[in-house]
Amino acid sequence: MTIRPELIDELLEECPNSEELLREGGLLKQLTKALVERCLGAELDTHLEDAKRIDLLKNDRRCVHCGKTLKGEFGQVVVGVPQDRDGDFQPQLVKKRQTRLEGFDEKILALYARGMTVRDIQAQLQELYGVEVSPTLISNVTDAVMEEVKQWQARPIDLVYPIVWFDALVVKVRENNRVINKAIHLALGVNLSGQKELLGVWMAQTEGAKFWLGVLSELQNRGLKDIFIACIDGLSGLAEAVETAYPQTQVQLCMVHLMRNSLRYVSDKHRKEVAAELKLVYTAATEAELNLELFAEKWDGSYPTISKSWKSHWPQGNPMFAFPQEIRRVIYTTNAIESLNMTLRKVTRNHRIFPNDEAVLKVVYLAIQNIAKKWTMPIKDWKPALNRFAIEFEGRLPV
C-alpha cells in the first residue's frame, strides 16, 4: 500500500515542525489513534452486518466505547474500542486484553537478544518511545521464547556434518541460594553445503565423558549419523565420548589453543620466537614431526613442558596433516566457534548473575538467532574441501 504524497502534505500542514510530529499528543500519535479506532469501527460494522444476515430478528447494535491504553513504537496512546450491546463482538486488530500492538514484543526481544538487562530495557523503551514497561511484562514476553527454544533444541538435523566444532563458555547462575559457574556447551556444524549451523546448546556445572556422551546421543536421536572431523578444544572427556558415539570420526585438537597454552610457560623475551617456531610445526606441509623434534632440541633446555605437551597431544593434532591446505585451514583451529563465543560473551556480560538456567538459554538462543542471520555464505574453499572429503571418506557421503 502506498499513501498518496498529497495526503501526507495535507497532514503535515497541521504539523509546522518535526517536534510537533513526535511529541506527546502530536500528529503521529493522533494518526495512530484515529486509524486504530477507524479500523475497530469497521470491524464492528462487519460484525453487526453478519449477525443481522444470520438472524434477521437479532437487534444487536453499537454500545459504548471502552478506553484502552496501547503500547507500541509510537509510545502510549488511549484508543476507544467500540462494543456491541450483546457483548459478543471480538475485535481482531486489538484483541480483548491486548495492550501492545504487533511489533512491540519484537522490540523487547531484540533488546534482550543484545544482552540488555530488564532494567536496561525499561530505560531504553522509556527513552525511545516514552513507554513505561513493567519488569513482569518484559519477563512474560521473554518467557514466551522458551517454548521456541525447546522446539529448536529438539529439531531434526542432517544425517552428516563433515565438520563439527565443540566449545564452551562460562556464566554465573543463581541456584539453591548460591551463585555457581555453569558452562554453556555448543556444537557448531558445517553442513554439506558448507553453511555453518549451530546444532544445540547444553548447560552443565561439570563436564566429562558421561556428559558429552549424553550430548552426542541426543544429536544421534535427532538424526546425526556421521561426523567426519570433530574439532575440540581440550574439553574434558569429549574425545573419549566422540570415539564411543562416532567411532569412525577423526578427532582434531585445536592447534592454536595448544600453542596458546604453551606460551604461558614462555618469558616475554622468547615469546615471539617460540610462537613462530611452533607455527612451523602445525603449518608444515610434510615434516611436522621433524619440526617438532627440532623445536624440542632447541627449547627443551628452557621450556621442557612445551614439547612434552605437544607430543602427548600429537595423536589428536596429527589428523589434519592428511589433508590439503583448504581443509587444514578450517580444522586446525576452533576460531569458527570461538568467534561465536566471543559474540555470546558480549551479550551475556551485562547479566552479571543469571537468576536461573532458563534466563541463560533465552538470552543465548535469541543472540544465536541474530548471529545466524549473518551466516549466508559457505565457508571459504568449501567445494575443493568437499571433493577431498568424498575421496578421504569414501562411501560416507549421502547419495
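Please refer to the structure higher up on the page.
Residues numbered from 1 in each chain as written. Predicted model: local features only at pLDDT ≥ 70, side-chain atom pairs only at ≥ 80, totals over all residues. Heavy atoms only, no water.

This part takes up the nonpolar core. Judged by nonpolar contacts, the single largest core of 104 residues is most densely connected at Phe166, Trp310 and Phe389. Here this core gets 10 residues from one element, more than from any other, and that element is strand E3 (residues 160-175). (Core = buried A, V, L, I, M, F, W, Y, C linked by side-chain atoms within 4.5 Å. Buried < 20%, exposed > 50% of the residue type's maximum accessible area, 1.4 Å probe, protein only. Helix = DSSP H or I, 4+ residues; strand = E, 2+ residues; numbered from the N terminus.)

Moving on to a positive patch on the surface. Residues Arg114, Lys346, Arg349, Lys373 and Lys374 make up a contiguous surface patch of positive charge. Relative to the helices and strands, Arg114 resides in the loop between helix H4 (104-113) and helix H5 (118-129). (Patch = residues over 30% accessible without salt bridge, like charges linked within 9 Å, V, L, I, M, F, W, Y side chains within 5 Å. Areas by Shrake-Rupley, 256 points an atom, 1.4 Å probe, with all protein chains shown as cover. Salt bridge = Lys/Arg side-chain N within 4 Å of Asp/Glu carboxyl O. Lys, Arg positive; Asp, Glu negative; His and termini not counted. Charge placed at Lys NZ, Arg CZ, Asp CG, Glu CD.)

Take unusual backbone geometry next. One non-glycine residue, Asn176, lies in positive phi territory at about 50°. Position of Asn176 relative to the elements: it lies in the loop between E3 and strand E4 (178-190). A relative accessible area of 66% means that Asn176 is categorised as exposed.

So, on to the packing of aromatic side chains. Per the counting criterion, the structure on display carries 9 aromatic pairs. Taking 6.0 Å as the distance between ring centres and 55° as the angle between the ring planes, the aromatic pair formed by Trp382 and Phe389 counts as tilted. Residue class for Trp382 comes out buried when judged on its relative accessible area of 4%. (Phe/Tyr/Trp six-rings, centres within 6.5 Å; stacked < 30°, edge-to-face > 60°.)

Here we take up the environment of Ala372. Positionally, Ala372 belongs in helix H16 (residues 357-372). Judged by its relative accessible area of 31%, Ala372 is partly exposed. Taking the C-alpha atoms as reference, Ala372 lies 8.3 Å from Leu198; in sequence the two are 174 residues apart.

Its 14 residues place the ends of helix H13 (residues 304-317) 19 Å apart at the C-alpha level, agreeing with the 20 Å of an ideal helix rising 1.5 Å per residue. At Lys311, H13 shows its maximal kink, close to 35°; a proline, Pro315, follows between one and four residues later. For H13, the full list of buried residues reads Ile306, Ser307, Trp310, Trp314 and Gly317. For H13, the secondary structure elements touched by its buried residues are strand E7 (250-253), helix H10 (255-263), helix H11 (268-282) and helix H12 (288-299). (Expected span 1.5 Å × (residues − 1). Bend = angle between axes of the 7 residues up to and from the residue. Contact = heavy atoms within 4.5 Å.)

Among the secondary structure elements, Arg222 is positioned in the loop between helix H8 (209-221) and strand E6 (226-232). A distance of 2.8 Å separates a polar atom in the side chain of Arg222 from the backbone oxygen of Leu199. With residues up to four places along the chain from it excluded, the contact list for Arg222 reads Trp152, Gln153, Ala154, Arg155, Pro156, Ile157, Leu199, Gly200 and Trp202. (Polar contact = N/O pair within 3.5 Å; in protein donor to acceptor, adjacent residues only side chain to side chain.)

Along the polypeptide, Asn341 turns up in helix H15 (residues 335-349). Since its relative accessible area comes to 0%, Asn341 is described here as buried. A polar atom in the side chain of Asn341 sits 3.1 Å from the side chain of Asp167. Not counting the four nearest positions on each side in its chain, Asn341 is found in contact with Asp167, Ala168, Leu169 and Leu186.

Okay, H11 next. Between the first and last C-alpha of H11 there are 22 Å, a value that for 15 residues agrees with the 21 Å anticipated at 1.5 Å per step. The set of residues buried in H11 consists of Val274, Ala275, Glu277, Leu278, Val281 and Tyr282. Its buried side turned inward, H11 meets H10, H12 and H13.

What follows deals with the environment of Ile157. Here Ile157 is to be found in the loop between helix H7 (145-153) and E3. Placed 42 residues apart in sequence, Ile157 and Leu199 show a C-alpha to C-alpha distance of 7.4 Å.

Read these as geometric descriptors, not functional statements.
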